[in-house]
Amino acid sequence: MEKVTFDKAVGFILAALFALVIGVSMWALLVGEYMHGVMNEQAQRSLRIVGFAGALAALATWWVQGFASHRGPAVRFLFALFIFVVAFSSIGGMLRVIYSYVTYPSQQDWSLTGLYWASQSDLISFVIFMLVPPRLAYAVLIVAAAIFIAIFGPREPKTA
C-alpha cells in the first residue's frame, strides 16, 4: 500500500475540483447555447450526460497522466489532450447506452450483438451531438483542460 503524502492529498483535491469545474463548464456551455429556445427532455438529458462525461473524463485523464508524468510539458499536454478527448467521447457514449437501457429496458436488445450495436450507435450520436454545429468554446475548454493537467497534474522528475 502506498504512503499517503501531503502532495498526494493536494493532488487528489485538485483532481476532484478540476473534474467538478470541467463537468459544470461543459454542461454550462451547452445550456447557454440551448437557452435561446425551449429545451425538450432529450436535450436536457443530453446536457446532463455531457456534464457527467466531462467530469469523469477529467478524472480519468488526471489518473492516466501518471504514465506521462516523467516526460516534458509538451508530451504531457499532448497525452492529456488525447486521453481527455477519447475518454470524453467514450464515457459520453457509454452513459447514453446506460440511460437508454435503464429508462426503456423492454425496448432494448439484450443480446451481445444488440449491446454492441447500441453502444456504437450511442457513441456516434454523442460525438455528432458534440461536433454539430462546431463549438469553439468546447475546443478551447478541452485544450485548457489539457494545459491544466500538463501543468498541475501528476509529475515526476525527468528520466534521462
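Residues numbered from 1 in each chain as written. Predicted model: local features only at pLDDT ≥ 70, side-chain atom pairs only at ≥ 80, totals over all residues. Heavy atoms only, no water.

**Q** Can you lay out the side chain of arginine 76 for me, pointing to particular residues and giving the numbers?
**A** If you trace the backbone, arginine 76 turns up in helix α3 (residues 73-103). Within the structure, arginine 76 has its side chain in polar contact with the backbone oxygen of alanine 150 (distance 2.9 Å). Beyond its immediate sequence surroundings of up to four residues, arginine 76 is in contact with Gln65, Ala68, Ser69, Arg71, Ala150, Pro154 and Arg155. (Helix = DSSP H or I, 4+ residues; strand = E, 2+ residues; numbered from the N terminus. Polar contact = N/O pair within 3.5 Å; in protein donor to acceptor, adjacent residues only side chain to side chain. Contact = heavy atoms within 4.5 Å.)

**Q** Describe the nonpolar core, listing the residues and the values that go with them.
**A** If you look at the biggest cluster of nonpolar residues, it comprises 30 residues, and the most contacted ones within it are Ile22, Met26, Val50, Phe84, Phe88 and Met130. Elements represented by at least two residues in this core include exactly α1 (6-34), α2 (41-64), α3, α4 (112-131) and α5 (136-152). Excluding residues within four positions of it along the chain, valine 50 makes contact with Met26, Leu30, Phe88, Phe126, Phe129, Met130 and Tyr138. (Core = buried A, V, L, I, M, F, W, Y, C linked by side-chain atoms within 4.5 Å. Buried < 20%, exposed > 50% of the residue type's maximum accessible area, 1.4 Å probe, protein only.)

**Q** For the environment of valine 102, give the residues involved together with the corresponding values.
**A** Note on placement: valine 102 falls in helix α3. Taking the C-alpha atoms as reference points, valine 102 and valine 64, 38 residues apart in sequence, are found 29 Å from one another.

**Q** Tell me about the packing of α2 against α5, and name the residues and values.
**A** Taken N-terminus to C-terminus, the directions of α2 and α5 make an angle of 25°; their axes are 11 Å apart at the nearest point. It follows from the interaxial angle that α2 and α5 lie roughly parallel. Crossing of α2 over α5 shows right-handed handedness. In this structure, α2 contributes Val50, Ala58, Thr61 and Trp62 to the contact, and α5 contributes Tyr138, Phe148, Ile149 and Phe152. Here the residues of the contact of α2 with α5 sort into 7 nonpolar, 1 polar and no charged. (Axes fitted to C-alpha atoms, helices over the stretch in contact; angles between N-to-C directions. Parallel < 35°, antiparallel > 145°, perpendicular 65-115°, else oblique. Left-handed = near helix turned anticlockwise from the far one by under 90°. Nonpolar A, V, L, I, M, F, W, Y, C, P; charged D, E, K, R; others polar.)

**Q** Lay out the packing of aromatic side chains with the relevant residues and their values.
**A** Within this structure, the stated rule accounts for 7 aromatic pairs. On the basis of an interplanar angle of 10° and a centroid distance of 4.9 Å, the ring pair of phenylalanine 18 and phenylalanine 148 is categorised as stacked. Of this pair, phenylalanine 18 sits in helix α1 while phenylalanine 148 is found in helix α5, placing the two residues 130 residues apart along the sequence. On the basis of an interplanar angle of 45° and a centroid distance of 6.2 Å, the ring pair of tryptophan 62 and phenylalanine 148 is categorised as tilted. Here the residue tryptophan 62 occupies a position in helix α2, and phenylalanine 148 occupies one in helix α5, the gap between them amounting to 86 residues. (Phe/Tyr/Trp six-rings, centres within 6.5 Å; stacked < 30°, edge-to-face > 60°.)

**Q** Tell me about the environment of alanine 53, and name the residues and values.
**A** Secondary-structure assignment places alanine 53 in helix α2. Distance in space between the C-alpha atoms of alanine 53 and glycine 23 is 7.2 Å, their sequence separation being 30 residues. Among residues more than four places away in sequence, those in contact with alanine 53 are Phe88, Ile91, Gly92, Leu95 and Phe126.

**Q** Which residues make up the side chain of glutamine 65, and what values do they have?
**A** Tracing the chain through its elements places glutamine 65 in the loop between α2 and α3. According to the relative accessible area criterion, glutamine 65 is buried, its value standing at 0%. Apart from residues no more than four positions distant in its own chain, glutamine 65 is found in contact with Arg76, Phe79, Ala80, Ile149, Ala150 and Pro154.

**Q** Outline the packing of α3 against α5, listing residues and values.
**A** Where α3 meets α5, the axes come as close as 8 Å, and the angle between the chain directions of the two elements is 130°. With respect to α5, the axis of α3 lies oblique. Of the two elements, α3 crosses α5, and the hand of that crossing is right-handed. Taken together, the residues of α5 that come into contact with α3 (itself represented by Pro73, Arg76, Phe77, Ala80, Leu81, Phe84 and Val85) are Ile142, Val143, Ala146, Ile147, Ile149 and Ala150.

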